[in-house]
Amino acid sequence: MEKTKLAFGRKVPLVDNDGLHEMFERSGMVSLKAGKHPIDLLWFNSSAGRGLEVYYSGPDLPRQTIPDSALFHTQVDPAGTNTNFVNGLNYSCYESGLTNGVLPPDFSGLPAVKTGTVPNFDINVTSRSDDVALEFTGYVELARDGLYSFSTRSDDGSRLFVGEPQRRLEVIGMAPMPPPQFHHLPVPVRRGTEQGGG
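Counting from 1, residues in each chain are numbered in the order their sequence is written. Given that this is a predicted model, residues contribute local features only at a pLDDT of at least 70 and side-chain atom pairs are listed and counted only at 80 or more, while totals for whole chains, interfaces and linings are drawn from all residues. The side-chain quantities take in all heavy atoms of the structure and omit both hydrogens and water.

Enquirer: What exactly am I supposed to notice about the nonpolar core here?
Expert: The nonpolar side chains of a soluble globular protein tend to be buried with one another. Core analysis: the biggest nonpolar cluster contains 29 residues, and Ile66, Phe121, Phe136 and Phe150 have the highest contact counts within it. Secondary structure is summarised from DSSP: a helix means a run of H or I of at least four residues, a strand means a run of E of at least two, and numbering begins at the N terminus for each. Every element with two or more residues in this core is listed here: strand 3 (24–32), strand 4 (35–45), strand 5 (51–58), strand 9 (89–94), strand 11 (132–142), strand 12 (146–155) and strand 13 (158–162). Considering each element in turn, this core owes the most residues, five residues, to strand 11. For Phe121, the contacting residues outside a window of four places in its chain are Ile39, Leu41, Leu52, Val54, Ile66, Leu71, Leu89 and Phe136. To form a nonpolar core, buried Ala, Val, Leu, Ile, Met, Phe, Trp, Tyr and Cys residues must be joined to one another through side-chain atoms within 4.5 Å. Exposure is judged per residue with a 1.4 Å probe applied to protein chains only, and the accessible area is read against the type maximum: over 50% gives exposed, under 20% gives buried, and values in between give partly exposed. Grouped together as the second largest cluster of nonpolar side chains are seven residues, Leu42, Tyr94, Leu103 and Phe161 included. In what follows, a contact means two residues having at least one pair of non-hydrogen atoms within 4.5 Å.

Put into C-alpha cells, the structure is as follows:
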C-alpha cells in the first residue's frame, strides 16, 4: 500500500490562460456573494501580437466585458485616516520575471518599472510592446449572490484570480506505508483493587 504526501501550493487562479499563444479564451466559475471581491490579473506578451479582454456573467447579468463602473481600488484620504473605494484598478508593469513564456506564480520580489491606476484592464500602459508583463489588482463589485463565470481572452498568457485566495493540495511524492507498530500501554490500577488489597 502507498500513501500520498500532500503540500499546500500557491493560490489557485480561477482562470489559467497562461502560455505562449494567439488570442485564446479560457473561463472559470465561482460562487460569490453580493458586494466587492478582490480581483487580480496577471498578463504578459512575449512578441508580435498582443491583446487582453476580460468578461463576466452571472445572475441577471448577461456575458459582457467587465465595465469600469464595477471595478474599484482602495485609496487613503489626504489626512491618512480613512480608506475609500474609488473606481479603477492599480497596475504594475514588469520587464523581467518571465521564464520560457510562462508567468511566475506572482511578481512579489520583482521590481516594477511603472505603476499607476487605470479605469479597466488596459494593456496600453505597458512600458514597451514585447517581453513585458502587467499585474492589475483591485475589486470587482457584484450586485447579487450566485454563480459567476469569468473569462480572459488574451495574447499571450493571463491568469485571473477572483475572491479570497484559494489554496490547493498537490502531490509531492509517493512513499510506502510504514508497517503497523504495537505499543503496550500500562494499565492504571485503582486503589482498593491491588492484589491482596482490601
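The rest of the description comes next.
Enquirer: Mind showing me how you'd approach the sheet that holds strand 6 (residues 61–65) here?
Expert: For sheets, the rule is that strands pair by backbone hydrogen bonds, running either parallel or antiparallel. Between any two strands, pairing holds if DSSP finds at least two bridges. One open sheet accounts for four strands, arranged 3-12-5-6; its pairing is antiparallel. Each end of this open sheet is capped by a strand with a single partner; those strands are strand 3 and strand 6. Strand-to-strand twist across the sheet, computed as the mean angle between neighbouring axes with direction ignored, equals 15°. Of the pairings in the sheet, the one linking strand 5 to strand 12 comprises seven bridges and is antiparallel in character. The axes are straight lines fitted to the C-alpha atoms, using for helices just the contacting stretch, and the angles between their N-to-C directions are given from 0 to 180°.

Enquirer: I tried to follow the pairing of strand 9 on my own but got confused; where do I start?
Expert: Residues in a regular strand project their side chains so that they alternate between the two faces of the sheet. Taken across its six residues, strand 9 has five buried, putting it largely inside the fold. As paired elements, strand 9 and strand 10 (residues 114–118) share five bridges and run antiparallel to each other. Within strand 10, the residue paired with Cys93 across the bridge is Lys114. Two elements, strand 9 and strand 11, share five bridges in a ladder whose sense is antiparallel. Along strand 11, the bridge assignment pairs Tyr91 with Phe136.

Enquirer: Quick question: what am I supposed to make of the environment of Gly157 here?
Expert: Note that Gly157 resides in the loop between strand 12 and strand 13. Taking the relative accessible area as the measure of exposure, Gly157 reaches 0% and is therefore buried. Taking the C-alpha atoms as reference points, Gly157 and Gly51, separated by 106 residues in sequence, lie 9.5 Å from one another. Residue contacts for Gly157: discarding those within four places in its chain leaves Asn17, Asp18, Gly19, His21, Leu42, Trp43, Phe44 and Leu103.

Enquirer: Would you explain the confidence of the model for the chain in this entry?
Expert: Low-pLDDT stretches of the model should not have their predicted coordinates read in fine detail. In the predicted model, the chain carries a mean pLDDT of 84, and the fraction of residues at 70 or more is 75%. Counting contacts from residues 1–10, a segment whose pLDDT is below 50, to residues more than four positions away or on other chains yields 37 contacts. pLDDT gives the predictor's per-residue confidence on a scale running from 0 to 100.

Enquirer: Please explain the pattern of salt bridges as it appears in this structure.
Expert: Pairing is possible between side chains of opposite charge, provided their charged atoms come close. Salt-bridge detection follows one rule: a side-chain nitrogen of Lys or Arg within 4 Å of a carboxyl oxygen of Asp or Glu. For the structure on display, the rule yields eight salt bridges. Between Arg159 and Asp16 there is a salt bridge, and its shortest N-O distance comes to 3.7 Å. Taken together, the residues Arg159 in strand 13 and Asp16 in strand 2 (residues 15–17) connect sequence positions 143 residues apart. Across the pair Arg144 and Asp60 runs a salt bridge whose closest N-O atoms are separated by 1.9 Å. You can see Arg144 sitting in the loop between strand 11 and strand 12 and its partner Asp60 sitting in the loop between strand 5 and strand 6, a full 84 residues away along the chain. With a relative accessible area of 42%, Arg144 lands in the partly exposed category. Note on Asp60: relative accessible area 66%, which makes it exposed. Each of Asp16, Asp18 and Arg159 takes part in a single network of salt bridges with overlapping partners.

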